[in-house]
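The chain contents come next:
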Amino acid sequence: MLSAKNISGYSDVCIIGAGVAGLYASYICRLLSIDFTLIEALDITGGQCAALYPEKTLYGVPGFHGEIAKKFIEKFSSQCVSKEKILYNHKVINISKIDDLFSIDIQDTLKCREIKISSKYIIVTTGIGEMKPNIPSTIKGIDSISSDFVQHCRLKQDLYSNKDVIVAGGGDSAVDFAINLSNTARSVTIIHRRNKFTCEPSKVGHIERLAKDGILKLVLDHNITNIADIPERLVTTTDKEGKEHQFKADHILFSYGFAACPSSMFGLQSIGLNVINHLIDVDIETMQTSIENCYAAGDVATYKNKKKNIIPCLFEADRAVRSIKKEIDQL
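Residues numbered from 1 in each chain as written. Predicted model: local features only at pLDDT ≥ 70, side-chain atom pairs only at ≥ 80, totals over all residues. Heavy atoms only, no water.

Remarks on the environment of Ser187
- Take Ser187: it is sitting in strand β12 (residues 187-191).
- Take Ser187: its relative accessible area is 26%, and that puts it in the partly exposed class.
- Counting along the chain gives 24 residues from Ser187 to Lys163, while the straight-line C-alpha distance between them is 6.6 Å.
- Those residues within four positions of Ser187 in sequence are excluded, and the remaining contacts are Lys163, Asp164 and Val165.
- Here Asp164 takes part through its side chain, which lies 2.6 Å from a polar atom of the side chain of Ser187. (Helix = DSSP H or I, 4+ residues; strand = E, 2+ residues; numbered from the N terminus. Buried < 20%, exposed > 50% of the residue type's maximum accessible area, 1.4 Å probe, protein only. Contact = heavy atoms within 4.5 Å. Polar contact = N/O pair within 3.5 Å; in protein donor to acceptor, adjacent residues only side chain to side chain.)

This is the structure we're talking about:
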């Protein structure tokens, strides 16, 4: 049984995850003079923008049109981060409640030790948390392929320069990757299982213009069924009529999104957290979860008509902190 004597630190607010939502929540805390600690499992800030696609071009952020993700995060972090308030390389293991305080068990992954922090409020901004790329189990041979041939959801411009690249997928990230790669790769082919894309309409127009100009190739209504790299690197697909096709490439970049690990909820479900498909259900009016004084923002939060993008992350983080500020002022 935990008690207050076991706790080694206190902050009014603990923000878990230093992606875009977590960073902005920390900025609003500073703006409103709220005591906080920002906890990050990695040694960098920026979440997906920094760890998964640092060289992806951002198109939907006001004032940053055409900016690559890592440059955006550098500027954004310099505005938001207070170094004395962030714990890098600290992974949250479990969260429980002692009376009206949250007790947060944290592992210092560098020093291999555990610490505890208590807080009156928490904001979960872990994005999609511990994640692994979605790859259809029907694709044969993928488990035995060399890692420099098959890439998952991460853009590496230097690796693809002057190479023949296949991008698998039809969402925003897949189309963004293909647009970016069209500037550096020798050839780009998009293979998508449907006959239309699921990205923003403006991106569809962009990708179709590139295809019309012969800058990249669109292969729609095709399912990838097999991948082989001996004796040569080949990707086999099946069209809607069941006919097989083969494509040669130096690299294939899968962009089918990610599956979140259920363990990313830190045991909060045991004290009443409402989770829907590994995402945290929140009240859009306050961003509060089903647990009193526990809030969520960013990709980990879900509500009706939710759109996963950087701009909603900022709005949600701002609303969560201001909801907490209102509660603090009423005490």
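Now that the structure is up, let's keep going.
Brief notes about the pattern of salt bridges
- The final tally for this structure, using the stated rule, is 16 salt bridges.
- The shortest N-O distance in the salt bridge between Lys248 and Glu232 comes to 3.4 Å. Residue Lys248 is located in strand β16 (residues 244-248), and its partner Glu232 is located in the loop between β14 (222-228) and β15 (234-239); the two are separated by 16 residues in the primary sequence.
- The structure contains a network of salt bridges with shared partners spanning Asp164, Arg186 and Asp250. (Salt bridge = Lys/Arg side-chain N within 4 Å of Asp/Glu carboxyl O.)

Observations regarding helix α6 (residues 201-212)
- Given a rise of 1.5 Å per residue, 12 residues ought to cover 16 Å, and the 17 Å separating the end C-alpha atoms of α6 matches this to within 8%.
- Turning to α6, its buried residues number three or more, namely Lys203, Val204, Gly205, Ile207 and Leu210.
- Buried residues along α6 sit in contact with α5 (172-181), β12 and β13 (217-219).
- Two residues or fewer past α6, Gly214 is found with a positive phi of approximately 75°. (Expected span 1.5 Å × (residues − 1).)

Focus: the sheet that holds β14
- Overall, antiparallel pairing links the three strands, which are arranged β14-β15-β16 in an open sheet. Since the sheet does not close on itself, it has two edges, and those belong to β14 and β16, each with one partner. Averaged over all adjacent pairs, the angle separating strand axes in this sheet is 30°, with direction ignored.
- Bridge analysis of β14 against β15 gives six bridges, and the strand direction is antiparallel. Its bridge partner lying in β15, Asn226 is registered against Thr236. (Pairing = 2+ DSSP bridges. Axes fitted to C-alpha atoms, helices over the stretch in contact; angles between N-to-C directions.)

Digging into the sheet that holds strand β20 (residues 279-281)
- One open sheet accounts for three strands, arranged β19-β20-β22; its pairing is mixed. Across the chains shown, the open sheet's two edge strands, defined by having one partner strand only, are β19 (275-276) and β22 (301-302).
- Where β20 meets β22, two bridges bridge the pair, whose relative direction is parallel. Its bridge partner being in β22, Asp281 is matched across the sheet by Thr302.

Here's the deal with the pairing of β12
- Of all the five residues making up β12, four are buried; the element is thus mostly covered by neighbouring parts of the structure.
- Two elements, strand β11 (residues 164-168) and β12, share five bridges in a ladder whose sense is parallel. Counted as the bridge partner of Ile166 is Thr189 from β12.
- The handedness of the β11 to β12 crossover, carried by α5, is right-handed.
- For β12 and β13, the ladder comprises three bridges, and the chain directions are parallel. (Right-handed = clockwise from strand over helix to strand, strands pointing away.)

Comments concerning the packing of helix α1 (residues 20-31) against helix α3 (residues 69-80)
- As a packed pair, α1 and α3 sit with axes 9 Å apart at the nearest point and diverge in direction by 25°. Between α1 and α3, the interaxial angle falls into the category roughly parallel. Where α1 crosses over α3, the two elements pack in a sense that is left-handed. Where α1 approaches α3, its residues Val20, Leu23, Tyr24, Ser26, Tyr27 and Arg30 are matched on the opposing element by Phe72, Ile73, Phe76, Ser77, Gln79 and Cys80.
- Here the residues of the contact of α1 with α3 are counted per class, giving eight nonpolar, three polar and one charged. (Parallel < 35°, antiparallel > 145°, perpendicular 65-115°, else oblique. Left-handed = near helix turned anticlockwise from the far one by under 90°. Nonpolar A, V, L, I, M, F, W, Y, C, P; charged D, E, K, R; others polar.)

Topic: the environment of Ala301
- Topologically, Ala301 is positioned in strand β22.
- Residues Ala301 and Ile280, spaced 21 residues apart in sequence, show a C-alpha to C-alpha distance of 4.8 Å.
- The contacts of Ala301, once residues within four sequence positions are left out, are Ile280, Val282, Met287, Ala296, Lys306 and Glu316.

Digging into the state of the cysteines
- Tallied over the entire structure, the rule returns zero disulfides.
- Summary of cysteine pairing: Cys14 is not part of a disulfide, and the nearest cysteine sulfur, belonging to Cys29, is at 10 Å.
- When its relative accessible area of 0% is taken as the criterion, Cys14 is described as buried.
- No disulfide involves Cys294; its sulfur sits 11 Å from that of Cys14, the nearest cysteine. (Disulfide = S-S within 2.5 Å.)

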